[in-house]
Amino acid sequence: MNKFLETGTILFLLLWIVFVYVLYMLPEDNASEAKAFPNSDTDISIEYELEIARGRQISLLDDESSINPLNLTCKPESFGYTLEEALFLFPNVTYPRCEEQYISSPEAFYINRTDNTLHMNCTGKVALGFLEANEEFGKYWYYDRLKDYNGEPLALETEEYAFGTCDISKWSNFEHVAYKLRPNKESLQRAKNSLRGKPINIVMLVIDSLSRRMFFRKLPKSVEYLNSIAKNVSIFDFKLHHVIGQNSQYSFMPTFYGDIPIVVSEYMQGDLYYDVSIWKYLHERGFVTMMGMDNCDNNLPQFIGRKPKVDHKMGSIWCAASAQYGYSETSKRERCIGNKNAHAWMMDYILDFSETYKNVSRYTYMHIDTAHEETGTVVSTIDLDLKKFLEEFFSRDEDSILFLMGDHGMRYGEWFKSKDGSHEHKLPLLLIMAKDRVLEKIPNSSKILLQNTNRLLSKFDFHTILQHLGNYPDLESHREEIRTKTSKRLTTYNWFTDYVPDNRTCEDAGIPIFWCGCKSFIEITEDKNSEIFQNLTKSVIEVFNTENHIYYRWKKTICVKLHLNETKYIGKLEDEDLDYYKIKFTIKEKESAMFEVIVRLSRDPIEKHESEYFSVHKIDFGEMKFFNIMNVNRLDSYDSICKEKIIKRKFDPTYCICDENDFKRKSLNTTNGNNSGKQ
Ligand SMILES: [Zn+2]
């Protein structure tokens, strides 16, 4: 027995020595690879990476918890409104569904593409959409192409949509609408001839004015659905997708053309930058392209032209819908066009387009304006339609990538004057959802994408990525060439193949300082209390006092006049002609109140951005300068008996201080009065 044990011990020791020897003889980088995951590039099973991407649930507060612990050069000071602030500003509203307002069905009114006819299941009248040759973006007059309908199929020319009614006394608000894509044989043939490999379907679904936090707050059903996708699709939630300017054009211009000047064109003809456009590039690589934008105005054409040479445009219906239904892309109500919301027609068109051209590659840019209004609540009408679209899109058996994104956050009303509001505008939504079979063809893409979800992204990166994806699945060829094609002055990254560096700054990403969410101020310690800085802080307080004492007949102030107590901090940031200052200070009227304000100063008159709240003033700052407040933040918690009263009177509680004793005395008197009444 003892002998057996001895042999066993010797054998165990021998095995241990062999094991330790093998471990030490392993190449060093392999050993460190295994320890260093998830930052390593090689030797990791793709299955394992995908499991990680799949296992992550997307969630509202992921931004702070993911970004704040990282050692990044650019970390925004805020990611947007707190839940409490947001619920107060944008309460939950339930809007009526369009199918309850217009009774119709796919059988009652439809376009048959086999024989190119329009069908309605009654007699009445129909208004036809524009002919394909007239399809373009921008504002123009829609004249009714009205016809009687005698119950027989009506032959169409090149129209893609029509409205219909069984009630001949009606002139608008027809109950039936049909929109059916008309296949373009030439586009299909061109794409077949130039296709380089397996086709891919790339969709950019842009919800205008949708911040990341707004998406999570207002579209809970879509979020729930995305968190339940278990098979075949990986989702990446990018927390530092940053704006480079105020409006849509600062998003779509870099996406479509790379780094070219953003200018307003008076003439709006044709396709202004076709030669550098992403659609030209993709056409040469087997793609059919489509673009839609649900508005009847010149915002887009002023920048890109009225007729970009994409294969399909969804443009004229919105002017027709303005005439038929009083449709407006800034309406504060649900936007019904017949029995579907405007955005639902666009989503259906993407599915129609995806199916029609399934044998070649496809690129869609669809710009939805449902959130483009000032209440911040109409966006919730997208939720059910988006969930349905996502289900159908990902059930398609194809290689596909969907960019679900905002161009910027809300920029209406007074949101810019608070730090949380101005930051929410800076951080629009960006989810990239990709079929696993796409990611498997791009080495290490899941791991790289996952890391990039927490890195500063540039709008210019989109152009690089789309060009790369145009060569799918070969993303290695011409990698550097594509990068420099996008921009000569900036380094851009493909988030599928390149790790975005931790130290990327706003400047590196092409984000002007004014719009940068992570301005790095340098503290001024020595002359913080000098006369000029005292003067600056007093001027800021003067602006507060003016705001607080604007007297309207119906709006009498309850705010007391504020006086500077102490300047706690001054930080400075220089930019070409402007200086930015961050000031923290207290006031005499309430010791616990601490303010943080960012101001701009300039020798020359300051151009005020469209949505900025505070106006420009003059100040003696050693010499006469112009200044304006960018945003104001309260660093103390300012819940008090006054806050409610101030909000009720429509003053801003951030910088209005009221006399609490006043209300305490009044409420005491009322209580005493009530008590005495009872007695
Ligand atoms: Zn926009």
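Residues numbered from 1 in each chain as written. Predicted model: local features only at pLDDT ≥ 70, side-chain atom pairs only at ≥ 80, totals over all residues.

Caption draft 1: Spatial organisation of the overall build of the chain. A count of helical and extended segments in the chain gives 24 helices and 22 strands. Residue burial in the chain is summarised as follows: out of 679 residues, 42% are buried. A separation of at least 24 residues holds for 74% of the contacts in the chain among residues at least 6 apart in sequence. (Helix = DSSP H or I, 4+ residues; strand = E, 2+ residues; numbered from the N terminus. Buried ≥ 20, exposed ≤ 12 C-beta atoms within 10 Å, placed from the backbone. Contact = placed C-beta atoms within 7 Å.)

Caption draft 2: Geometry of the environment of N535. Here N535 lies in helix 22 (residues 531–548). Judged by local crowding, N535 falls into the partly exposed class, with 14 C-beta atoms found within 10 Å. In this structure, the C-alpha to C-alpha distance between N535 and F621, residues 86 residues apart in sequence, is 7.3 Å. Other than its neighbours up to four places away in sequence, N535 contacts I619, D620 and F621.

Caption draft 3: Region of the structure containing the nonpolar core. A162, M346, F403 and V599 are the most contacted members of the largest nonpolar core, which has 156 residues in total. Residue contributions to this core reach at least three from each of two domains, namely domain 2 (50–96 + 181–515) and domain 3 (522–667). Excluding anything up to four places from it in sequence, A162 contacts I111, L118, V126, A127, L128, G129 and A178. (Core = buried A, V, L, I, M, F, W, Y, C linked by C-beta atoms within 7 Å. Domains from an automatic or database assignment.)

Caption draft 4: Structural view of the sheet that holds strand 4 (residues 145–149). Here four strands make up an open sheet; going across it, the order is 4-3-6-7 and the pairing antiparallel. A strand with exactly one partner marks an edge of an open sheet, and here the two such strands are strand 4 and strand 7 (176–179). Shown here is a sheet whose adjacent strand axes are inclined to one another by a mean of 20°, direction ignored. In this sheet, strand 4 lies alongside strand 3 (residues 124–128) in antiparallel orientation, the contact comprising five bridges. By the bridge assignment, A127 is partnered in strand 4 with L146. (Pairing = 2+ DSSP bridges. Axes fitted to C-alpha atoms, helices over the stretch in contact; angles between N-to-C directions.)

Nothing here speaks to function; it is all geometry.
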